[in-house]
Amino acid sequence: MSVNGIWKVEMLGPYGWESVSTAFLEDGKYRAASEDHYTVGNYEVSGNRIEISTSGVQHGEARTVFGKKEKNLDIKVEGEIDGDIIKGQARDEVGAYQISVRITRLADLA
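Here, residues in each chain are numbered from 1, in the same order as that chain's written sequence. Reporting of local features is limited, given that this is a predicted model, to residues whose pLDDT is at least 70; pairs of side-chain atoms are given and counted only at 80 or more, and all residues count toward the totals for whole chains, interfaces and linings. Working from all heavy atoms in the structure, the side-chain values ignore hydrogens and water.

**Q** How should the overall build of the chain be read in this particular structure?
**A** Assigned secondary structure in the chain consists of 0 helices and 8 strands. Moving toward the C terminus, one meets the helices and strands of the chain in the order β-β-β-β-β-β-β-β. The reference for a compact globule is 2.2 Å times residues^0.38; the radius of gyration itself is calculated from the C-alpha atoms. Here the C-alpha radius of gyration of the chain, 13 Å, is about what a compact globule of 110 residues would show, namely 13 Å. Across its three principal axes, the chain shows a C-alpha extent of roughly 35 × 25 × 25 Å. Per-residue accessibility, obtained with a 1.4 Å probe over protein chains only, is compared with the maximum for each type, and a residue is labelled buried under 20%, exposed over 50%, and partly exposed between these values. For the chain, buried positions account for 35% of its 110 residues. The contact definition used throughout considers only heavy atoms, calling two residues in contact when any of these lie within 4.5 Å. In the chain, the proportion of contacts linking residues at least 24 apart, taken out of those at least 6 apart, comes to 37%. Surface exposure of the chain reaches about 6600 Å², of which carbon and sulfur atoms provide 48%. Every helix listed is a DSSP run of H or I at least four residues long, and every strand listed is a run of E at least two residues long, numbered separately from the N terminus. Each accessible area is a Shrake-Rupley estimate made with a 1.4 Å probe; only the visible protein chains count as cover when residues are assessed.

**Q** Which parts of the structure should I look at to understand the sheet that holds strand β6 (residues 72-82)?
**A** The strands making up a sheet associate through backbone hydrogen bonding, with each pair oriented either parallel or antiparallel. The 8 strands are arranged β1-β2-β3-β4-β5-β6-β7-β8 in a closed barrel whose pairing can be described as antiparallel. Geometrically, the sheet is characterised by an average inter-axis angle of 30 degrees between neighbouring strands, direction not taken into account. When DSSP finds two or more bridges between a pair of strands, those strands are recorded as paired. Note: β6 against strand β7 (residues 85-92), 8 bridges, orientation antiparallel. Bridging from a neighbouring strand, Glu80 pairs with Lys87 of β7. To define axes, lines are fitted to C-alpha atoms, for helices over the stretch in contact only, and angles between the resulting N-to-C directions are given on a 0 to 180 degree scale.

**Q** Sorry, what's going on with the environment of Lys68 here?
**A** Note on placement: Lys68 falls in the loop between β5 (49-58) and β6. Note: C-alpha distance between Lys68 and Ser55 (13 residues apart in sequence) is 15 Å. For Lys68, the residues in contact, after removing those within four places along its chain, are Arg63, Leu73, Asp92, Glu93 and Val94.

**Q** Honestly, the pattern of salt bridges in this entry has me stumped. Any pointers?
**A** Pairing is possible between side chains of opposite charge, provided their charged atoms come close. The salt bridge definition used is simple: a Lys or Arg side-chain nitrogen within 4 Å of an Asp or Glu carboxyl oxygen. Evaluated as defined, the whole model comprises 9 salt bridges. Among the ionic pairs, Glu80 bridges to Arg49, the shortest N-O distance being 3.9 Å. Of the two residues, Glu80 sits in strand β6 while Arg49 sits in strand β5, which places them 31 residues apart along the sequence. For the salt bridge of Lys68 with Glu93, the shortest nitrogen-to-oxygen distance reads 3.4 Å. In this pair, Lys68 is assigned in the loop between β5 and β6 and Glu93 in the loop between β7 and β8 (98-107), connecting sequence segments 25 residues apart. Beyond isolated ion pairs, a larger network of salt bridges with shared partners links Lys8, Glu10 and Arg102.

Laid out in structure tokens, this is it:
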């Protein structure tokens, strides 16, 4: 199953789903960014399951994520692919906190 494409990344917060970045997935590489951060990493697909491992840098105002406010953060997402939507859980390297994640396909890569 190919997940190559452009994707909208959302995390579930206290007020509902919050758009956090636009991601580009291509042949095992994961790249994403917003106005205040960028994230690079890789992913593996097995059947309808996906595992994404990333390292992110907040270059703007650092936000509190996973109970800490840091400029650099490693995140792992484990999820299930259902057509054009990936639903899963994101956690930091310690794994003490999890955040629900929804990743929606926007377009194919040109």
